[in-house]
Amino acid sequence: MQHKSLFQFNITMAAALSKRIEMRSFFCMMPLFLNIIIIIPSFTSSYDGPLYDYSAYTECKAYPERPLYRGGLLKNNTLNSANNPPSPPAFRLRNLAQGNIYCFSSWIKIEGADSALVAASLKTENTTYNCIGNVIAKHGCWSFLKGGFVLDTPSNSSLLYFQVNDGREIEIAVTSASLQPFTPQQWKANQQYKINKERKRGVTIHVADEHGEKLQGADIRVEQISKDFPFGSAIAYTIIGNLAYQNWFVERFNAAVFENELKWYTTEPAQGKTNYTLADQMLEFVRAHAIIARGHNIFWEDPLYTPAWVRNLTSQELQSAVNSRIQSLMSKYKEEFIHWDVSNEMLHFNFYEERLGPNATLYFFKTAQKLDPLATMFMNDFNVVENCVDVNSSVDAYISRIKELKRGGASMDGIGLEGHFGKPNPPYIRAVLDKVATFGLPIWLTEVDISHTIDHETQAIYLEQVLREGFSHPSVNGIMLWTALHPYGCYQMCLTDNNFKNLPAGDVVEKLLREWETKETEGQTDEHGAFNFYGFLGEYKVSVKYGDRTHNSTFSLCRGLETRHVSIQL
(Lines give C-alpha, C1' and ligand atoms only; values in the text may rest on other atoms or scores of the structure.)
Protein backbone atom coordinates (compact mmCIF):
# COMPACT_ATOMS: atom_id res chain seq x y z
CA MET A 1 0.00 0.00 0.00
CA GLN A 2 1.55 3.31 -1.06
CA HIS A 3 1.55 5.96 1.65
CA LYS A 4 0.07 8.61 -0.64
CA SER A 5 -3.16 6.60 -0.57
CA LEU A 6 -3.55 7.58 3.08
CA PHE A 7 -4.84 10.87 1.73
CA GLN A 8 -7.49 9.19 -0.43
CA PHE A 9 -10.10 9.46 2.25
CA ASN A 10 -13.54 7.89 2.60
CA ILE A 11 -15.85 10.88 2.92
CA THR A 12 -18.72 8.79 4.24
CA MET A 13 -16.57 7.66 7.15
CA ALA A 14 -15.44 11.24 7.78
CA ALA A 15 -19.03 12.40 8.04
CA ALA A 16 -19.86 9.69 10.54
CA LEU A 17 -16.83 10.35 12.71
CA SER A 18 -16.98 14.13 12.52
CA LYS A 19 -20.09 14.01 14.69
CA ARG A 20 -17.98 12.45 17.44
CA ILE A 21 -14.51 13.91 16.97
CA GLU A 22 -13.52 17.56 16.84
CA MET A 23 -12.28 18.33 13.31
CA ARG A 24 -9.32 20.66 13.76
CA SER A 25 -7.51 20.23 10.47
CA PHE A 26 -8.95 18.23 7.58
CA PHE A 27 -5.67 17.09 6.11
CA CYS A 28 -4.12 16.37 9.49
CA MET A 29 -7.11 14.34 10.65
CA MET A 30 -7.78 12.28 7.51
CA PRO A 31 -5.11 9.65 8.13
CA LEU A 32 -6.18 9.39 11.76
CA PHE A 33 -9.56 7.99 10.81
CA LEU A 34 -8.15 5.65 8.21
CA ASN A 35 -5.56 4.29 10.60
CA ILE A 36 -8.29 3.22 13.02
CA ILE A 37 -9.71 1.11 10.19
CA ILE A 38 -6.31 -0.31 9.29
CA ILE A 39 -5.16 -1.16 12.79
CA ILE A 40 -8.47 -2.51 14.03
CA PRO A 41 -9.93 -4.39 11.02
CA SER A 42 -13.21 -5.20 12.78
CA PHE A 43 -14.25 -1.56 12.31
CA THR A 44 -15.26 -1.81 8.67
CA SER A 45 -17.15 1.43 8.08
CA SER A 46 -16.86 3.78 11.06
CA TYR A 47 -16.13 3.74 14.76
CA ASP A 48 -19.48 4.03 16.49
CA GLY A 49 -18.34 3.50 20.08
CA PRO A 50 -17.82 6.02 22.86
CA LEU A 51 -14.97 8.51 22.75
CA TYR A 52 -12.95 8.80 25.94
CA ASP A 53 -13.50 12.09 27.79
CA TYR A 54 -10.20 13.54 29.08
CA SER A 55 -11.96 16.20 31.18
CA ALA A 56 -10.63 16.65 34.71
CA TYR A 57 -10.76 19.28 37.43
CA THR A 58 -8.52 20.01 40.40
CA GLU A 59 -10.30 23.02 41.91
CA CYS A 60 -13.10 22.70 44.46
CA LYS A 61 -16.13 24.32 42.83
CA ALA A 62 -19.24 25.99 44.17
CA TYR A 63 -21.30 24.02 41.66
CA PRO A 64 -20.48 20.65 40.10
CA GLU A 65 -20.05 20.16 36.37
CA ARG A 66 -22.41 17.97 34.38
CA PRO A 67 -21.68 14.22 34.45
CA LEU A 68 -19.29 12.88 31.84
CA TYR A 69 -20.92 10.74 29.13
CA ARG A 70 -24.27 12.13 30.35
CA GLY A 71 -23.98 9.67 33.22
CA GLY A 72 -23.40 6.54 31.15
CA LEU A 73 -24.69 3.51 33.04
CA LEU A 74 -25.59 5.72 36.00
CA LYS A 75 -27.86 8.02 34.01
CA ASN A 76 -31.02 6.59 35.56
CA ASN A 77 -29.41 4.95 38.58
CA THR A 78 -30.44 6.29 41.99
CA LEU A 79 -27.84 6.78 44.71
CA ASN A 80 -28.71 5.05 47.97
CA SER A 81 -27.73 7.50 50.72
CA ALA A 82 -30.53 7.05 53.24
CA ASN A 83 -28.27 6.20 56.19
CA ASN A 84 -25.23 8.33 55.31
CA PRO A 85 -23.44 8.09 57.74
CA PRO A 86 -22.84 5.45 59.05
CA SER A 87 -23.77 3.53 55.87
CA PRO A 88 -21.84 4.82 52.85
CA PRO A 89 -23.73 6.21 49.84
CA ALA A 90 -23.79 3.62 47.06
CA PHE A 91 -24.96 2.72 43.56
CA ARG A 92 -26.27 -0.76 42.76
CA LEU A 93 -24.80 -1.96 39.46
CA ARG A 94 -26.12 -4.79 37.31
CA ASN A 95 -24.50 -7.05 34.72
CA LEU A 96 -20.93 -5.80 34.59
CA ALA A 97 -18.82 -7.64 32.02
CA GLN A 98 -15.44 -9.25 32.56
CA GLY A 99 -12.63 -7.51 30.66
CA ASN A 100 -14.53 -4.33 29.87
CA ILE A 101 -12.94 -1.07 30.92
CA TYR A 102 -15.24 1.01 33.16
CA CYS A 103 -14.49 4.72 33.56
CA PHE A 104 -16.02 6.29 36.65
CA SER A 105 -16.33 9.90 37.80
CA SER A 106 -18.41 11.95 40.23
CA TRP A 107 -18.42 15.17 42.24
CA ILE A 108 -18.07 14.89 46.02
CA LYS A 109 -18.81 17.23 48.94
CA ILE A 110 -18.63 16.44 52.65
CA GLU A 111 -20.20 17.57 55.92
CA GLY A 112 -18.66 17.06 59.35
CA ALA A 113 -15.05 17.99 58.54
CA ASP A 114 -13.11 20.60 56.60
CA SER A 115 -11.59 17.97 54.30
CA ALA A 116 -11.28 14.21 53.98
CA LEU A 117 -9.94 11.63 51.54
CA VAL A 118 -13.02 9.97 50.02
CA ALA A 119 -12.47 6.68 48.20
CA ALA A 120 -14.78 5.01 45.71
CA SER A 121 -14.83 1.22 46.12
CA LEU A 122 -16.49 -1.65 44.30
CA LYS A 123 -17.83 -4.86 45.82
CA THR A 124 -18.87 -7.73 43.56
CA GLU A 125 -20.06 -11.21 44.43
CA ASN A 126 -16.46 -12.45 44.61
CA THR A 127 -14.12 -9.50 45.05
CA THR A 128 -13.81 -6.13 46.74
CA TYR A 129 -11.82 -3.46 44.90
CA ASN A 130 -10.89 -1.22 47.80
CA CYS A 131 -10.13 1.83 45.71
CA ILE A 132 -11.14 2.57 42.12
CA GLY A 133 -10.57 6.31 42.58
CA ASN A 134 -10.34 8.90 45.34
CA VAL A 135 -10.44 12.62 45.98
CA ILE A 136 -9.63 15.01 48.80
CA ALA A 137 -13.17 16.33 49.31
CA LYS A 138 -14.01 19.51 51.19
CA HIS A 139 -16.81 21.14 53.10
CA GLY A 140 -18.78 23.77 51.20
CA CYS A 141 -17.64 22.99 47.65
CA TRP A 142 -17.57 20.14 45.14
CA SER A 143 -14.44 18.13 44.24
CA PHE A 144 -13.97 15.92 41.18
CA LEU A 145 -13.23 12.20 41.58
CA LYS A 146 -12.10 10.23 38.54
CA GLY A 147 -11.06 6.60 38.28
CA GLY A 148 -12.23 3.26 36.98
CA PHE A 149 -11.90 -0.50 37.07
CA VAL A 150 -11.62 -3.70 35.05
CA LEU A 151 -13.31 -6.82 36.44
CA ASP A 152 -11.52 -10.17 36.65
CA THR A 153 -14.88 -11.99 36.57
CA PRO A 154 -18.36 -10.91 35.43
CA SER A 155 -20.76 -9.55 38.05
CA ASN A 156 -24.53 -9.79 38.04
CA SER A 157 -24.90 -7.44 40.99
CA SER A 158 -22.27 -5.19 42.55
CA LEU A 159 -22.10 -2.18 44.82
CA LEU A 160 -20.15 0.99 44.06
CA TYR A 161 -19.83 2.92 47.29
CA PHE A 162 -18.01 5.89 48.84
CA GLN A 163 -16.28 5.99 52.20
CA VAL A 164 -13.77 7.78 54.42
CA ASN A 165 -11.38 5.29 55.99
CA ASP A 166 -9.90 7.34 58.82
CA GLY A 167 -12.54 6.48 61.43
CA ARG A 168 -14.49 9.74 61.31
CA GLU A 169 -18.23 9.83 60.71
CA ILE A 170 -18.50 12.16 57.74
CA GLU A 171 -21.53 12.75 55.55
CA ILE A 172 -20.67 12.31 51.87
CA ALA A 173 -22.70 13.99 49.12
CA VAL A 174 -22.36 12.62 45.58
CA THR A 175 -23.64 14.13 42.35
CA SER A 176 -22.99 14.16 38.58
CA ALA A 177 -21.82 10.54 38.75
CA SER A 178 -20.93 8.65 35.58
CA LEU A 179 -19.92 5.11 34.66
CA GLN A 180 -18.96 4.54 31.04
CA PRO A 181 -17.99 1.08 29.73
CA PHE A 182 -15.55 0.45 26.89
CA THR A 183 -14.89 -2.91 25.29
CA PRO A 184 -11.18 -3.75 24.91
CA GLN A 185 -11.52 -3.04 21.18
CA GLN A 186 -13.08 0.37 21.83
CA TRP A 187 -10.38 1.21 24.36
CA LYS A 188 -7.66 0.30 21.87
CA ALA A 189 -9.38 2.34 19.14
CA ASN A 190 -9.39 5.39 21.40
CA GLN A 191 -5.71 4.86 22.19
CA GLN A 192 -4.84 4.56 18.52
CA TYR A 193 -6.80 7.67 17.65
CA LYS A 194 -4.80 9.68 20.20
CA ILE A 195 -1.50 8.19 19.04
CA ASN A 196 -2.29 9.14 15.46
CA LYS A 197 -3.35 12.62 16.50
CA GLU A 198 -0.62 13.44 19.02
CA ARG A 199 2.40 11.34 17.97
CA LYS A 200 2.10 11.51 14.16
CA ARG A 201 1.67 14.13 11.46
CA GLY A 202 0.96 14.34 7.76
CA VAL A 203 3.78 15.35 5.42
CA THR A 204 3.73 16.59 1.81
CA ILE A 205 7.02 16.67 -0.09
CA HIS A 206 7.00 19.02 -3.08
CA VAL A 207 9.57 18.46 -5.86
CA ALA A 208 10.27 21.08 -8.53
CA ASP A 209 13.09 22.06 -10.85
CA GLU A 210 15.10 25.27 -10.64
CA HIS A 211 12.41 27.10 -12.65
CA GLY A 212 9.64 26.06 -10.28
CA GLU A 213 8.16 23.47 -12.62
CA LYS A 214 6.50 20.59 -10.77
CA LEU A 215 8.19 17.25 -11.36
CA GLN A 216 5.90 14.23 -11.69
CA GLY A 217 7.36 10.76 -11.33
CA ALA A 218 10.35 11.68 -9.13
CA ASP A 219 11.45 8.74 -7.01
CA ILE A 220 11.13 9.43 -3.27
CA ARG A 221 12.59 7.50 -0.36
CA VAL A 222 11.90 8.62 3.22
CA GLU A 223 13.57 7.15 6.30
CA GLN A 224 13.00 8.06 9.94
CA ILE A 225 16.43 8.50 11.53
CA SER A 226 15.40 9.49 15.06
CA LYS A 227 12.28 9.65 17.20
CA ASP A 228 10.85 12.72 18.89
CA PHE A 229 9.28 10.86 21.83
CA PRO A 230 11.79 10.03 24.60
CA PHE A 231 11.60 6.33 25.42
CA GLY A 232 14.39 4.95 27.55
CA SER A 233 15.56 3.01 30.54
CA ALA A 234 17.64 3.23 33.66
CA ILE A 235 21.26 2.19 33.28
CA ALA A 236 23.80 1.27 35.93
CA TYR A 237 27.58 1.31 36.23
CA THR A 238 27.46 -2.18 34.71
CA ILE A 239 27.19 -0.55 31.29
CA ILE A 240 30.66 0.99 31.60
CA GLY A 241 33.03 -0.88 29.26
CA ASN A 242 30.33 -3.44 28.44
CA LEU A 243 30.06 -3.15 24.65
CA ALA A 244 27.32 -5.76 24.38
CA TYR A 245 25.15 -3.87 26.90
CA GLN A 246 25.95 -0.54 25.24
CA ASN A 247 25.10 -1.75 21.74
CA TRP A 248 21.88 -3.35 22.95
CA PHE A 249 20.84 -0.12 24.67
CA VAL A 250 21.71 2.24 21.81
CA GLU A 251 19.79 0.14 19.29
CA ARG A 252 16.58 0.63 21.29
CA PHE A 253 16.52 3.75 23.42
CA ASN A 254 17.00 7.49 23.02
CA ALA A 255 16.87 8.40 26.73
CA ALA A 256 18.57 7.21 29.91
CA VAL A 257 18.56 7.74 33.65
CA PHE A 258 21.29 6.64 36.06
CA GLU A 259 19.88 4.14 38.53
CA ASN A 260 21.98 5.02 41.61
CA GLU A 261 25.18 6.67 40.40
CA LEU A 262 24.11 10.30 40.97
CA LYS A 263 22.55 9.68 44.37
CA TRP A 264 24.20 11.26 47.35
CA TYR A 265 25.12 7.96 49.00
CA THR A 266 27.09 7.07 45.84
CA THR A 267 28.81 10.37 45.11
CA GLU A 268 29.73 11.17 48.74
CA PRO A 269 29.70 8.00 50.85
CA ALA A 270 31.94 9.72 53.42
CA GLN A 271 31.69 13.38 54.34
CA GLY A 272 33.82 15.61 52.17
CA LYS A 273 34.97 12.78 49.89
CA THR A 274 33.03 13.29 46.66
CA ASN A 275 33.56 10.92 43.76
CA TYR A 276 31.74 11.36 40.46
CA THR A 277 33.78 8.81 38.50
CA LEU A 278 30.93 6.41 37.73
CA ALA A 279 28.51 9.16 36.74
CA ASP A 280 31.17 10.79 34.54
CA GLN A 281 31.84 7.53 32.68
CA MET A 282 28.14 6.88 32.18
CA LEU A 283 27.67 10.44 30.96
CA GLU A 284 30.43 9.91 28.39
CA PHE A 285 28.48 6.92 27.07
CA VAL A 286 25.19 8.80 26.66
CA ARG A 287 26.94 11.84 25.14
CA ALA A 288 28.75 9.66 22.61
CA HIS A 289 25.44 8.30 21.37
CA ALA A 290 23.35 11.51 21.52
CA ILE A 291 21.12 10.05 24.25
CA ILE A 292 19.35 12.48 26.56
CA ALA A 293 19.57 11.80 30.29
CA ARG A 294 17.49 12.62 33.36
CA GLY A 295 19.22 13.67 36.59
CA HIS A 296 18.13 11.34 39.39
CA ASN A 297 18.31 12.60 42.09
CA ILE A 298 19.56 15.59 44.10
CA PHE A 299 18.01 14.57 47.44
CA TRP A 300 16.04 11.52 48.53
CA GLU A 301 13.67 12.13 51.41
CA ASP A 302 13.75 8.51 52.57
CA PRO A 303 16.26 8.34 55.46
CA LEU A 304 17.04 4.75 54.52
CA TYR A 305 18.71 6.02 51.34
CA THR A 306 20.31 9.08 52.89
CA PRO A 307 24.07 8.70 53.55
CA ALA A 308 24.66 7.35 57.04
CA TRP A 309 26.93 10.25 57.95
CA VAL A 310 24.19 12.73 56.96
CA ARG A 311 21.64 11.16 59.30
CA ASN A 312 23.82 11.93 62.32
CA LEU A 313 24.36 15.65 61.62
CA THR A 314 22.94 18.49 63.70
CA SER A 315 20.52 20.84 61.96
CA GLN A 316 23.25 23.43 61.37
CA GLU A 317 25.66 20.80 60.08
CA LEU A 318 22.95 19.34 57.86
CA GLN A 319 22.20 22.74 56.32
CA SER A 320 25.87 23.14 55.49
CA ALA A 321 26.01 19.63 54.03
CA VAL A 322 22.96 20.07 51.77
CA ASN A 323 24.34 23.40 50.54
CA SER A 324 27.60 21.69 49.65
CA ARG A 325 25.81 18.79 47.97
CA ILE A 326 23.59 20.88 45.74
CA GLN A 327 26.35 23.32 44.80
CA SER A 328 28.79 20.53 43.98
CA LEU A 329 26.35 18.42 41.95
CA MET A 330 24.66 21.22 40.03
CA SER A 331 27.81 23.14 39.17
CA LYS A 332 29.55 20.00 37.92
CA TYR A 333 26.65 18.84 35.73
CA LYS A 334 25.10 22.13 34.70
CA GLU A 335 23.29 21.75 31.35
CA GLU A 336 24.15 18.03 31.15
CA PHE A 337 20.79 16.61 32.26
CA ILE A 338 17.40 17.57 30.87
CA HIS A 339 15.65 17.04 34.23
CA TRP A 340 16.43 16.88 37.91
CA ASP A 341 14.38 14.92 40.42
CA VAL A 342 14.91 17.45 43.17
CA SER A 343 13.50 15.94 46.36
CA ASN A 344 12.66 12.34 45.61
CA GLU A 345 9.51 10.73 47.09
CA MET A 346 8.57 13.64 49.32
CA LEU A 347 4.94 12.51 49.54
CA HIS A 348 6.09 9.50 51.55
CA PHE A 349 9.10 10.82 53.48
CA ASN A 350 10.24 14.16 54.92
CA PHE A 351 13.72 13.64 56.31
CA TYR A 352 14.95 17.12 55.40
CA GLU A 353 11.86 19.11 56.36
CA GLU A 354 11.81 17.41 59.76
CA ARG A 355 15.34 18.64 60.42
CA LEU A 356 15.59 21.85 58.42
CA GLY A 357 12.05 23.17 58.66
CA PRO A 358 8.97 23.21 56.40
CA ASN A 359 10.64 25.31 53.69
CA ALA A 360 13.52 22.91 53.04
CA THR A 361 11.99 21.42 49.88
CA LEU A 362 11.12 24.85 48.53
CA TYR A 363 14.72 25.90 49.10
CA PHE A 364 15.98 22.83 47.21
CA PHE A 365 13.81 23.61 44.17
CA LYS A 366 14.71 27.30 44.08
CA THR A 367 18.43 26.66 44.49
CA ALA A 368 18.55 23.89 41.90
CA GLN A 369 16.72 26.01 39.35
CA LYS A 370 19.06 28.93 39.96
CA LEU A 371 22.12 26.74 39.49
CA ASP A 372 20.85 24.93 36.37
CA PRO A 373 18.13 27.16 34.89
CA LEU A 374 17.74 25.24 31.62
CA ALA A 375 16.93 21.94 33.32
CA THR A 376 13.35 21.06 34.24
CA MET A 377 12.82 20.49 37.96
CA PHE A 378 10.63 17.48 38.75
CA MET A 379 8.63 16.06 41.58
CA ASN A 380 8.95 12.28 41.53
CA ASP A 381 6.97 9.77 43.57
CA PHE A 382 5.43 6.30 43.61
CA ASN A 383 1.91 4.94 44.03
CA VAL A 384 0.34 7.99 42.41
CA VAL A 385 -0.51 6.37 39.10
CA GLU A 386 -0.02 2.75 40.20
CA ASN A 387 -3.01 2.54 42.58
CA CYS A 388 -5.08 4.66 44.94
CA VAL A 389 -4.74 2.50 48.05
CA ASP A 390 -1.70 4.46 49.30
CA VAL A 391 -3.24 7.44 51.11
CA ASN A 392 0.10 9.29 51.21
CA SER A 393 0.30 9.60 47.45
CA SER A 394 -3.23 10.11 46.21
CA VAL A 395 -3.39 12.14 43.02
CA ASP A 396 -4.88 15.02 45.01
CA ALA A 397 -2.01 14.87 47.53
CA TYR A 398 0.41 15.15 44.62
CA ILE A 399 -1.58 18.06 43.17
CA SER A 400 -1.70 19.79 46.55
CA ARG A 401 2.11 19.57 46.83
CA ILE A 402 2.53 21.06 43.35
CA LYS A 403 0.29 23.98 44.30
CA GLU A 404 2.18 24.49 47.56
CA LEU A 405 5.54 24.67 45.79
CA LYS A 406 4.14 26.98 43.14
CA ARG A 407 2.73 29.32 45.77
CA GLY A 408 6.16 29.44 47.38
CA GLY A 409 7.73 30.55 44.11
CA ALA A 410 9.42 27.27 43.12
CA SER A 411 10.02 26.46 39.46
CA MET A 412 8.46 23.02 39.81
CA ASP A 413 7.91 22.41 36.12
CA GLY A 414 7.80 18.63 35.73
CA ILE A 415 5.54 15.84 36.97
CA GLY A 416 7.33 12.55 37.61
CA LEU A 417 5.19 9.44 38.15
CA GLU A 418 7.39 6.46 38.93
CA GLY A 419 5.19 3.59 37.78
CA HIS A 420 6.27 0.58 39.86
CA PHE A 421 3.22 -1.54 39.08
CA GLY A 422 1.69 -4.72 40.34
CA LYS A 423 -1.43 -5.35 38.30
CA PRO A 424 -2.20 -2.11 36.42
CA ASN A 425 -5.65 -0.54 36.30
CA PRO A 426 -5.80 1.18 32.85
CA PRO A 427 -8.79 3.48 33.46
CA TYR A 428 -7.30 4.60 36.78
CA ILE A 429 -3.93 5.30 35.13
CA ARG A 430 -5.64 7.44 32.54
CA ALA A 431 -7.77 9.25 35.12
CA VAL A 432 -4.68 10.20 37.15
CA LEU A 433 -2.93 11.45 34.03
CA ASP A 434 -6.01 13.51 33.18
CA LYS A 435 -6.01 15.21 36.58
CA VAL A 436 -2.31 16.05 36.74
CA ALA A 437 -2.45 17.17 33.10
CA THR A 438 -4.66 20.11 34.14
CA PHE A 439 -1.46 21.92 35.21
CA GLY A 440 -0.13 21.93 31.66
CA LEU A 441 3.27 20.66 32.87
CA PRO A 442 5.31 17.91 31.19
CA ILE A 443 4.44 14.48 32.59
CA TRP A 444 6.92 11.62 32.53
CA LEU A 445 6.53 8.03 33.62
CA THR A 446 9.96 7.85 35.22
CA GLU A 447 10.58 4.35 36.60
CA VAL A 448 8.23 1.90 34.92
CA ASP A 449 8.41 -1.77 35.80
CA ILE A 450 6.19 -4.66 36.91
CA SER A 451 6.63 -6.44 40.23
CA HIS A 452 9.03 -9.40 40.34
CA THR A 453 6.31 -11.35 42.18
CA ILE A 454 4.52 -11.71 38.82
CA ASP A 455 5.63 -14.33 36.27
CA HIS A 456 7.47 -13.16 33.14
CA GLU A 457 4.62 -13.75 30.70
CA THR A 458 2.15 -11.79 32.82
CA GLN A 459 4.75 -9.07 33.42
CA ALA A 460 4.87 -8.57 29.66
CA ILE A 461 1.07 -8.30 29.38
CA TYR A 462 0.92 -5.75 32.18
CA LEU A 463 3.89 -3.80 30.82
CA GLU A 464 2.22 -3.43 27.43
CA GLN A 465 -0.92 -2.08 29.09
CA VAL A 466 1.09 0.56 30.96
CA LEU A 467 3.20 1.60 27.96
CA ARG A 468 0.17 1.94 25.69
CA GLU A 469 -1.57 4.10 28.29
CA GLY A 470 1.48 6.33 28.60
CA PHE A 471 2.25 6.70 24.91
CA SER A 472 -1.36 7.35 23.93
CA HIS A 473 -1.99 10.03 26.55
CA PRO A 474 -1.51 13.47 24.98
CA SER A 475 0.11 14.97 28.10
CA VAL A 476 2.80 12.33 28.63
CA ASN A 477 6.13 13.62 27.29
CA GLY A 478 8.38 10.64 27.95
CA ILE A 479 8.61 7.12 29.38
CA MET A 480 11.53 5.60 31.28
CA LEU A 481 11.77 1.93 32.23
CA TRP A 482 13.43 0.93 35.51
CA THR A 483 15.33 -2.00 34.02
CA ALA A 484 19.04 -1.40 34.64
CA LEU A 485 20.79 -4.75 34.22
CA HIS A 486 23.09 -6.27 36.86
CA PRO A 487 24.66 -9.73 37.13
CA TYR A 488 21.95 -10.58 39.69
CA GLY A 489 19.17 -9.23 37.44
CA CYS A 490 17.16 -6.01 37.81
CA TYR A 491 15.30 -4.12 40.51
CA GLN A 492 11.95 -5.75 39.70
CA MET A 493 11.80 -6.56 35.98
CA CYS A 494 14.42 -7.27 33.32
CA LEU A 495 13.99 -6.96 29.58
CA THR A 496 16.69 -9.55 28.81
CA ASP A 497 18.81 -12.18 30.46
CA ASN A 498 22.52 -11.58 31.03
CA ASN A 499 23.26 -12.66 27.45
CA PHE A 500 20.85 -10.00 26.11
CA LYS A 501 18.34 -12.55 24.96
CA ASN A 502 14.87 -11.08 25.30
CA LEU A 503 12.57 -12.03 28.12
CA PRO A 504 8.83 -11.59 27.41
CA ALA A 505 8.96 -7.96 28.62
CA GLY A 506 11.79 -7.30 26.18
CA ASP A 507 9.71 -8.74 23.35
CA VAL A 508 6.92 -6.30 24.22
CA VAL A 509 9.27 -3.32 24.23
CA GLU A 510 10.73 -4.25 20.85
CA LYS A 511 7.26 -4.81 19.40
CA LEU A 512 6.11 -1.36 20.52
CA LEU A 513 9.31 0.33 19.35
CA ARG A 514 8.68 -1.09 15.87
CA GLU A 515 5.01 -0.16 16.00
CA TRP A 516 5.77 3.42 17.04
CA GLU A 517 8.18 4.26 14.22
CA THR A 518 7.70 5.12 10.57
CA LYS A 519 8.81 2.36 8.25
CA GLU A 520 11.03 3.27 5.29
CA THR A 521 8.72 4.71 2.67
CA GLU A 522 9.14 4.80 -1.09
CA GLY A 523 7.05 6.17 -3.93
CA GLN A 524 6.82 8.74 -6.69
CA THR A 525 5.56 12.29 -6.91
CA ASP A 526 2.09 12.68 -8.40
CA GLU A 527 0.85 15.03 -11.12
CA HIS A 528 1.21 17.90 -8.66
CA GLY A 529 4.85 17.11 -8.03
CA ALA A 530 3.93 15.99 -4.53
CA PHE A 531 4.41 12.90 -2.38
CA ASN A 532 2.38 12.42 0.80
CA PHE A 533 2.94 10.23 3.81
CA TYR A 534 1.97 10.11 7.46
CA GLY A 535 4.72 9.61 10.01
CA PHE A 536 5.67 9.54 13.65
CA LEU A 537 7.28 12.69 14.98
CA GLY A 538 11.06 12.86 14.71
CA GLU A 539 13.91 13.45 12.26
CA TYR A 540 13.72 12.20 8.67
CA LYS A 541 16.09 11.69 5.78
CA VAL A 542 14.62 12.14 2.32
CA SER A 543 16.26 11.08 -0.96
CA VAL A 544 14.92 12.24 -4.34
CA LYS A 545 15.93 10.99 -7.79
CA TYR A 546 14.64 12.33 -11.10
CA GLY A 547 16.48 11.20 -14.16
CA ASP A 548 20.17 11.84 -13.50
CA ARG A 549 19.44 14.39 -10.78
CA THR A 550 19.49 13.47 -7.08
CA HIS A 551 18.94 15.26 -3.79
CA ASN A 552 19.44 14.23 -0.16
CA SER A 553 18.32 16.25 2.84
CA THR A 554 16.79 15.97 6.30
CA PHE A 555 13.80 17.57 7.96
CA SER A 556 12.15 17.59 11.38
CA LEU A 557 8.59 16.50 12.04
CA CYS A 558 7.32 18.11 15.25
CA ARG A 559 3.88 18.36 16.79
CA GLY A 560 1.42 20.40 14.78
CA LEU A 561 -2.16 20.36 13.57
CA GLU A 562 -1.31 21.20 9.99
CA THR A 563 0.37 19.08 7.33
CA ARG A 564 4.15 19.62 7.27
CA HIS A 565 5.25 20.84 3.80
CA VAL A 566 8.81 20.15 2.61
CA SER A 567 9.98 21.73 -0.65
CA ILE A 568 12.86 20.23 -2.63
CA GLN A 569 14.46 21.75 -5.70
CA LEU A 570 16.31 19.58 -8.23
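Heads up: the structure comes first, above all this text.
Let me sum up the structure you'll find in this document.

1. Details of the state of the cysteines
Across all of its chains, the model carries three disulfides by this definition. At a sulfur-sulfur separation of 1.9 Å, the disulfide partner of Cys-60 is Cys-141. Between Cys-60 and Cys-141 the disulfide shows an S-S torsion of about 100°. By sign, it is right-handed. You can see Cys-60 sitting in the loop between α2 (26-39) and β1 (90-96) and its partner Cys-141 sitting in the loop between β4 (128-138) and β5 (143-150), a full 81 residues away along the chain. Using a relative accessible area of 25% as the deciding quantity, one classes Cys-60 as partly exposed.

2. Focus on unusual backbone geometry
His-296 connects to Asn-297 through a cis peptide bond whose omega is -10°. Look at Ser-176: it is not a glycine, yet its phi comes out positive at around 50°. Among the secondary structure elements, Ser-176 is positioned in strand β7 (residues 171-182). Phi is positive for Glu-345, close to 60°, though the residue is something other than glycine. A residue is classified by how much of its surface remains accessible, and Glu-345, at 7% relative accessible area, is buried.

3. Comments concerning the packing of helix α11 (residues 395-407) against helix α12 (residues 426-437)
Between α11 and α12, the least distance of the axes is 10 Å, while the angle of their chain directions is 20°. Between α11 and α12, the angle falls in the class roughly parallel. Viewed along their axes, α11 and α12 form a crossing whose handedness is right-handed. On the side of α11, the interface is formed by Val-395, Asp-396 and Ile-399, while α12 contributes Val-432, Lys-435 and Val-436.

4. Some remarks on the pattern of salt bridges
Across all of its chains, the model carries 22 salt bridges by this definition. As a salt-bridge pair, Glu-354 and Arg-355 come within 3.3 Å of each other at their nearest N and O atoms. For Glu-354, a relative accessible area of 57% corresponds to the exposed category. Here Arg-355 falls in the partly exposed class, since its relative accessible area comes to 34%. Asp-396 serves as the salt-bridge partner of Lys-435, at 2.8 Å between the closest nitrogen and oxygen. One end of the pair, Lys-435, is in helix α12; the other, Asp-396, is in helix α11, and 39 residues separate them in sequence. Of the two residues, Lys-435 and Asp-396, both sit in the buried class.

5. Concerning the layout of surface pockets
If a probe the size of a water molecule is rolled over the atoms, the empty space left behind becomes visible. Each pocket or cavity is described by its volume, and for the largest pocket that value is around 770 Å³. Around the largest pocket sit 31 residues that line it, and Val-150, Pro-424, Asn-425, Pro-426 and Gln-465 are the ones nearest its centre. Put simply, the parts of the chain that give the lining of the largest pocket at least two residues each are β4, β5, α3 (184-198), α12 and α13 (456-472). Taken together, the residues of the lining of the largest pocket break down into 16 nonpolar, eight polar and seven charged. As for the second largest pocket, its lining consists of 30 residues, of which Ser-226, Lys-227, Asp-228, Phe-229 and Asn-254 are closest to the centre. When contributions to the lining of the second largest pocket are tallied by element, the ones reaching two or more residues are β9 (219-227), β18 (476-481) and α14 (504-515). Take the lining of the second largest pocket: its biggest share by element is five residues, from β9. Here the lining of the second largest pocket is composed, by residue class, of twelve nonpolar, five polar and 13 charged.

Criteria and thresholds
- Residues numbered from 1 in each chain as written.
- Predicted model: local features only at pLDDT ≥ 70, side-chain atom pairs only at ≥ 80, totals over all residues.
- Heavy atoms only, no water.
- Disulfide = S-S within 2.5 Å.
- Helix = DSSP H or I, 4+ residues; strand = E, 2+ residues; numbered from the N terminus.
- Buried < 20%, exposed > 50% of the residue type's maximum accessible area, 1.4 Å probe, protein only.
- Axes fitted to C-alpha atoms, helices over the stretch in contact; angles between N-to-C directions.
- Parallel < 35°, antiparallel > 145°, perpendicular 65-115°, else oblique.
- Left-handed = near helix turned anticlockwise from the far one by under 90°.
- Contact = heavy atoms within 4.5 Å.
- Salt bridge = Lys/Arg side-chain N within 4 Å of Asp/Glu carboxyl O.
- 1 Å grid on protein atoms, 1.4 Å probe; cavity = no way out; pocket = protein on both sides within 12 Å on 5 of 7 lines; lining within 4 Å.
- Points joined across faces, edges and corners; volume = space filled by probe spheres on them.
- Nonpolar A, V, L, I, M, F, W, Y, C, P; charged D, E, K, R; others polar.

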